[in-house]
Amino acid sequence: MEAAPVPDGQYTAVVYGLLGSGRHGEAVSVLSRGLQKSCRSRAGLSLLGYCHYQLQDFAAAAECYEQLVALHPELQAYRLHQAQALYKAGLYTEALRAASPLLDLPAYQGRALRLQAAIHYAQGDLPAAKSLVEEALAAAADSSPGAAEDPSERADAEINLGCVLYRQGRLEEASGKFASAMQVLGYCPELSYNMALCCYAAKQYAPALKHISSIIEHGIHQHPELHVGMSTEGTDVPSVGNTQLLHRTALVEAFNLKAAIEYQLGNLKAAQEALRDMPPRAEEELDPVTLHNQALMNMDSQPTEGFEKLQFLLLQNPCPPETFGNLLLLYCKHQYYDLAADVLAENAHLTYKLLTPYLYNFLDAIITCQTAPEEAFHKLDDAAGTLTEQLRKLRKQEREARQNWHREAVRKAASEYEESLDKYVAVLMAQAKIYWDMKNYTMVEKIFHKSSEFCQEHKVWKLNLAHLLFMQNKYKEAIFIYEPIVRKHYDNILQVSAIVLANLCVSYIMTSQNEDAEKLMKEIEKAEEQMSYDNPDKNIYHLCIVNLVIGTLYCVKGNYEFGISRVIKSLEPYNKKLSTDTWYYAKRCFLSLLENMAKHMIMLHDGVIQECVQFLKQCELYGRNIPAVIEQPLEEKRMHSGKNTVTYEARLLRALMYKITGWSA
C-alpha cells in the first residue's frame, strides 16, 4: 500500500504512528523510500524487517536481517531474527546455517536450540527434533547456578516436546504437555488449538470442538475488529490481512480444524460455513491450509477452481502434506487417470514422503485398471489380503483389551479397526467396480460374499450389496437391505438418498407390494411438501427421481404409455424439478420411445403423442438456463453454450417427434 509523502522532520513520528496503528503495509512504503536515501540505516532496515515479518513476507524480512548481520555482526539478535524469518519462509537449510553460530552463545543458546528443533520438526526429522528439545530442556534446567529459571522458556521447551510427541502418535502425553504449559503461561489460543488437534487426531471430536469454541469465543470478545462470522452474515467487510495479531488468536487454525471435523462427520454445509466464518482475507492472502480446505470442501460445486487451487499448492514449498494424496484421489474420482499418472511420475520424491504404502498401492491399482484390469485386480487383491490380516489382528487386540478391562487400549484398537475397515471396503469396492463395469454381476457378488466376515455391518458395503442385488433382479433380497436404511430415517425421510428410495419403490412394485410402494411415495410427498413450506426456494428431487426410475422401468418393460406419463409427471412443476440430472434420465426414455416408434415396433395413441409434445414445449420454456450436460472441470474443448441447454435438446426431440409421427408443428 502506497503511503503519503512524509513532511520534513516528521519521519520518525509518522513511521511509529503507522506501526502503532498496525498499518504495516504503509510503513513498508515509507521505510523503503527512506532507505533509498540511506541504504545502511540500522533503524530503517530493522523496522523494515519487522514490518515484513508482521505482514508474513518472511523472505523479504530475512533479506533485511541478512543486511543487518553483515553491517552489525556484533549484534547477534539480528542473526536470530534472520534465522527465524528463513524458517518461516520454508528455507530450512539456510535457517539452520544462520542459527548455528548462536549455539555457542549462552544468551541465545536456548532459543537457538528450540529454533533448530522446530526446523528439524518441519523437515520431518523427529529424532533430531526430539534430541534438540531435550537439550533445550536440560539447558533451561542447568542455567547459571543461583539464577532463577525462566518459567516461560521451560514452558516453550515443553510445548516443543508436546509437538514431537504429537507427531509420534503419543496424543495423550502431547496434550498433557500443552495443558501444563498453559498453566504456566495462562490461557493461550495456540495451546488450546494444539490440544484440539490432539483430540482430532484421536477422533475425539466433542472435546476438540469444545477447545475450538473457546478459541472462537476468546477471539470474538478480545478482537471484534477481526470481523469473525461477518462474511457468513452477508456483511461486506474489508480484509483483515495476515497480521501477527491474527496469528496469535489461532482463529484461522481453529476454523480450519472445525471445518475438517464437520467434513469428517459428513456435515458438508457446516464445514463450508466454518470456512466462511473465519476473519475475512483476500484470496491472495489465504494461507495454504485454508486454500486446501476451500478446494476440498467446494469441489462438488466448484471443481475447476478446486483443481486449480490444489495444483497451485503442490508447486509451493511447503504445502499441506494432504494436498498430494487428495489431488491424486480427486483426479481418479473425476476419471482423470492420465493426469493422476503424470502427477505421480513428476513428483516421485513426494510419493514416499507423503503417501502411505496403502494409499500408493491403491492409487497405483486404480490407475493401472484403465489399461490392465486383471493386473489391477491382483494388486487390489494383495492389498485386501494385507488388510484382512490387520483386521484379524486388531479384532484380537480389542477382545484381549476388553478381557483385561483396559479402556484406553480398547478405544485405540477399536479406532484402528474402524480405520482399517474403511480402507478394506475401499479396496473391495475398487475390485467390485472392475467386474461391475463389465456387467459381470456374479463375480461382483462373489467379492461381496468373500468379505462378509468383516463388512456385513459396514453401511457402504451393505448399500452397494443392495444395489448389486437390485441389478440382478433379486428384489426381495434388495428389500431386506433397503428397508432398514429407510426405516432408520423414516421421521426425516429426505435424508435418505433418492436412489435408495427409488430402488425400494421399484422392488416393492416388482414383488407385487404396490401398497407399500404407494405408502412410501406418499411419505416422500408429505416430507417434500413440508420442506417446500419451510424453505420455498429450495429444490427437492426425491419424489421426482422415484417417479423417473419407475417410469424408466415401465419403458424398459415396453409399457411406454404408462412409463412416459410417469416421466412427464415426475418433472412437474418444471421450474422446481427440471435440472441437468432429471433431464438426463427423462430424455433417455424419450429417445428409446422415438427409436422404437421409428422402427414401427410400437404405436402410441394421439393423446399420448400430444402429451409428449406439450411436455417438450414446457422443457424448452423452462430449460433455457439449464445445462444439458455438466462438462468435466478440466475439459479443454468446451461445448457451444447455445447447444448445451435443455431447451436446445428438447427442441431437437420435438422435431424428431414431428418427423416420425408425420405431425406438423
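Not measured: the values here are computed from a predicted model. By convention here, each chain's residues receive numbers from 1 onward along its written sequence. Given that this is a predicted model, residues contribute local features only at a pLDDT of at least 70 and side-chain atom pairs are listed and counted only at 80 or more, while totals for whole chains, interfaces and linings are drawn from all residues. Where side-chain values are given, they derive from all heavy atoms of the structure, hydrogens and water being excluded.

S.K.: I tried to follow the overall build of the chain on my own but got confused; where do I start?
M.R.: When helices and strands are tallied, the chain shows 35 helices and zero strands. Seen through its principal axes, the chain has C-alpha atoms that stretch 100 × 70 × 45 Å. Only protein chains enter the accessibility calculation, which uses a 1.4 Å probe; a residue is then buried when its area is under 20% of its type maximum, exposed when over 50%, and partly exposed in between. The proportion of buried residues among the 665 residues of the chain is 46%. Accessible surface is estimated by sampling points in the Shrake-Rupley manner with a 1.4 Å probe; for residues, cover comes only from the protein chains shown. Of the roughly 35,800 Å² that the chain leaves accessible, carbon and sulfur atoms contribute 52%. Positive charges are assigned to Lys and Arg, negative charges to Asp and Glu, while His and the chain termini are left out of the count. Taken as the charge location is NZ of Lys, CZ of Arg, CG of Asp or CD of Glu. In the chain, 66 side chains carry a positive charge and 80 a negative one; their mean positions are 4 Å apart. The way it works is that DSSP assigns letters per residue, a run of H or I at least four long becomes a helix, a run of E at least two long becomes a strand, and they are numbered from the N terminus.

S.K.: Would you mind going over the environment of Leu-18 with me for this structure?
M.R.: Relative to the assigned elements, Leu-18 resides in helix H1 (residues 11-20). Overall, the relative accessible area of 7% leaves Leu-18 in the buried class. Remark: the alpha-carbon pair of Leu-18 and Asn-194, spanning 176 residues in sequence, is separated by 33 Å. Contacts between residues were defined by any pair of non-hydrogen atoms, one from each residue, lying within 4.5 Å. What Leu-18 contacts, discounting residues up to four positions off in sequence, is Arg-23, Glu-26, Ala-27 and Val-30.

S.K.: Teacher, can you tell me more about helix H21 (residues 357-368) here?
M.R.: An α-helix turns once every 3.6 residues. As a result, residues three or four positions apart point the same way. An ideal rise of 1.5 Å per residue puts 16 Å on 12 residues; H21 measures up with 16 Å between its terminal C-alpha atoms. Turning to H21, its buried residues are Leu-359, Phe-362, Leu-363, Ala-365, Ile-366, Ile-367 and Thr-368. Looking at the buried positions of H21, the neighbouring elements they touch are helix H18 (322-333), helix H19 (337-346), helix H22 (373-403) and helix H23 (407-437). Helix span, as expected, comes to 1.5 Å for every residue beyond the first.

S.K.: Can you help me understand helix H28 (residues 498-510) in this one?
M.R.: Its 13 residues give H28 an end-to-end C-alpha distance of 18 Å, which sits within 8% of 18 Å, the value for a rise of 1.5 Å per residue. Buried residues dominate H28, accounting for 11 of its 13 residues. Taken residue by residue, H28 has Ala-498, Val-500, Leu-501, Ala-502, Asn-503, Leu-504, Cys-505, Val-506, Ser-507, Tyr-508 and Ile-509 as its buried positions. Of the residues flanking the end of H28, it is Ser-512, one or two places downstream, whose phi is positive at about 60 degrees.

S.K.: How should I be thinking about the confidence of the model for the chain in this particular structure?
M.R.: Detailed reading of the predicted coordinates is not advisable wherever pLDDT is low. The pLDDT averaged across the chain works out to 88; a share of 95% of its residues lies at or above 70. pLDDT expresses, on a scale from 0 to 100, how confident the predictor is about each individual residue. Confidence drops under pLDDT 50 across residues 144-148; counting only partners more than four residues distant or on other chains, this segment forms zero contacts.

S.K.: Is there a simple way to think about the packing of H18 against H21 in this case?
M.R.: Two numbers describe a pair of packed helices, the interaxial angle and the distance between the axes. Only the stretch in contact is used when fitting a helix axis, every axis being a line fitted to C-alpha atoms; angles between N-to-C directions are given from 0 to 180 degrees. At their nearest, the axes of H18 and H21 sit 11 Å apart, and the two run at 25 degrees to each other. Considered as vectors, H18 and H21 are oriented roughly parallel to each other. Two packed elements cross with a definite hand, and for H18 against H21 that hand is left-handed. Contact residues: Gly-325, Leu-328, Leu-329 and Cys-332 in H18; Leu-359, Phe-362, Leu-363, Ile-366 and Ile-367 in H21. Classification convention: Asp, Glu, Lys, Arg as charged; Ala, Val, Leu, Ile, Met, Phe, Trp, Tyr, Cys, Pro as nonpolar; all other residues, Gly among them, as polar. Of the residues that constitute the contact of H18 with H21, the class distribution is eight nonpolar, one polar and no charged. If an angle is under 35 degrees, it is roughly parallel; if it is over 145, roughly antiparallel; if it lies from 65 to 115, roughly perpendicular; otherwise it is oblique. Crossing handedness is defined as follows: a turn of the near helix away from the far one that is anticlockwise and smaller than a right angle gives a left-handed crossing, while the clockwise case is right-handed.

S.K.: Where do I start with the nonpolar core in this structure?
M.R.: When a protein is soluble and globular, its nonpolar side chains tend to lie buried together. Joining through side-chain atoms within 4.5 Å is the link that ties buried Ala, Val, Leu, Ile, Met, Phe, Trp, Tyr and Cys residues into a set, and such a set is a nonpolar core. Counting residues in each nonpolar core, the largest one holds 83 residues, and the members touching the most others are Tyr-424 and Leu-520. The element best represented in this core is H23, accounting for 11 residues. Ignoring anything within four residues of it in the chain, the contact list for Leu-520 reads Val-486, Tyr-490, Ile-493, Leu-501, Leu-504, Cys-505 and Tyr-508. Val-28, Tyr-53, Ala-95 and Leu-115 belong to the second-largest nonpolar core, a separate cluster that totals 35 residues.

S.K.: In this structure, what is going on with the environment of Leu-380? I would like to understand it.
M.R.: Relative to the helices and strands, Leu-380 resides in helix H22. Excluding anything up to four places from it in sequence, Leu-380 contacts Phe-362, Ala-365, Val-427, Ala-430, Gln-431 and Ile-434.

S.K.: I'm lost on the packing of aromatic side chains in this one. Help?
M.R.: Aromatic ring pairs are described here by two measures, namely the spacing of the ring centres and the angle between the planes. Each pair of aromatic rings taken from Phe, Tyr and Trp, with Trp reduced to its six-membered ring, is defined by centres within 6.5 Å and is described as stacked if the planes are under 30 degrees apart, edge-to-face if over 60, and tilted in the remaining cases. Enumeration according to the criterion identifies 18 aromatic pairs in this entry. Considering the side-chain rings of Phe-470 and Tyr-475, the 5.6 Å spacing of their centres and the 75 degrees angle between planes classify their relative orientation as edge-to-face. On the basis of relative accessibility, which here comes to 13%, the residue Phe-470 falls in the buried class. The buried category is assigned to Tyr-475, whose relative accessible area is 11%. Between the aromatic rings of Tyr-574 and Tyr-622, the centroid separation amounts to 6.1 Å while the plane-to-plane angle is 20 degrees, which identifies the pairing as stacked. Remark: Tyr-622 occurs in helix H34 (residues 606-622) and Tyr-574 occurs in helix H32 (residues 574-577); sequence separation between them is 48 residues. The ring of Tyr-121 is capped by Arg-167, whose NZ or CZ atom sits 4.6 Å from the centre of that ring. As a reminder, the over-ring test applies to NZ of lysine and CZ of arginine, requiring each to be within 6 Å of the ring centre and within 35 degrees of the ring normal.

S.K.: I would appreciate a short explanation of the pattern of salt bridges in the present structure.
M.R.: Side chains bearing opposite charge may pair, as long as their charged atoms lie close to each other. We define a salt bridge as a contact between a side-chain nitrogen of Lys or Arg and a carboxyl oxygen of Asp or Glu at a distance within 4 Å. On inspection of all chains with the given rule, the structure shows 23 salt bridges. Between Lys-450 and Asp-381 there is a salt bridge, and its shortest N-O distance comes to 3.6 Å. Of this pair, Lys-450 sits in helix H24 (residues 441-450) while Asp-381 sits in helix H22, placing them 69 residues apart in sequence. Because the salt bridges share partners, they merge into one network encompassing Asp-364, Glu-375 and Lys-379.

S.K.: Honestly, unusual backbone geometry in this entry has me stumped. Any pointers?
M.R.: Trans is the prevailing form of peptide bonds, just as negative phi is the prevailing case for residues other than glycine. Omega for the bond connecting Glu-572 with Pro-573 falls within 30 degrees of zero, at -10 degrees, which places this linkage in the cis form. Looking at the secondary structure, you find Pro-573 in the loop between helix H31 (560-570) and H32. Although it is not a glycine, Trp-405 adopts a positive phi angle of roughly 55 degrees. One can find Trp-405 in the loop between H22 and H23. Look at Trp-405 and you get exposed, because its relative accessible area is 79%.

S.K.: Where do I start with the side chain of His-24 in this structure?
M.R.: Along the polypeptide, His-24 turns up in helix H2 (residues 24-37). Not counting residues within four places of it along the chain, the set of residues in contact with His-24 comprises Leu-19, Tyr-50, Cys-51, Gln-54 and Leu-55.

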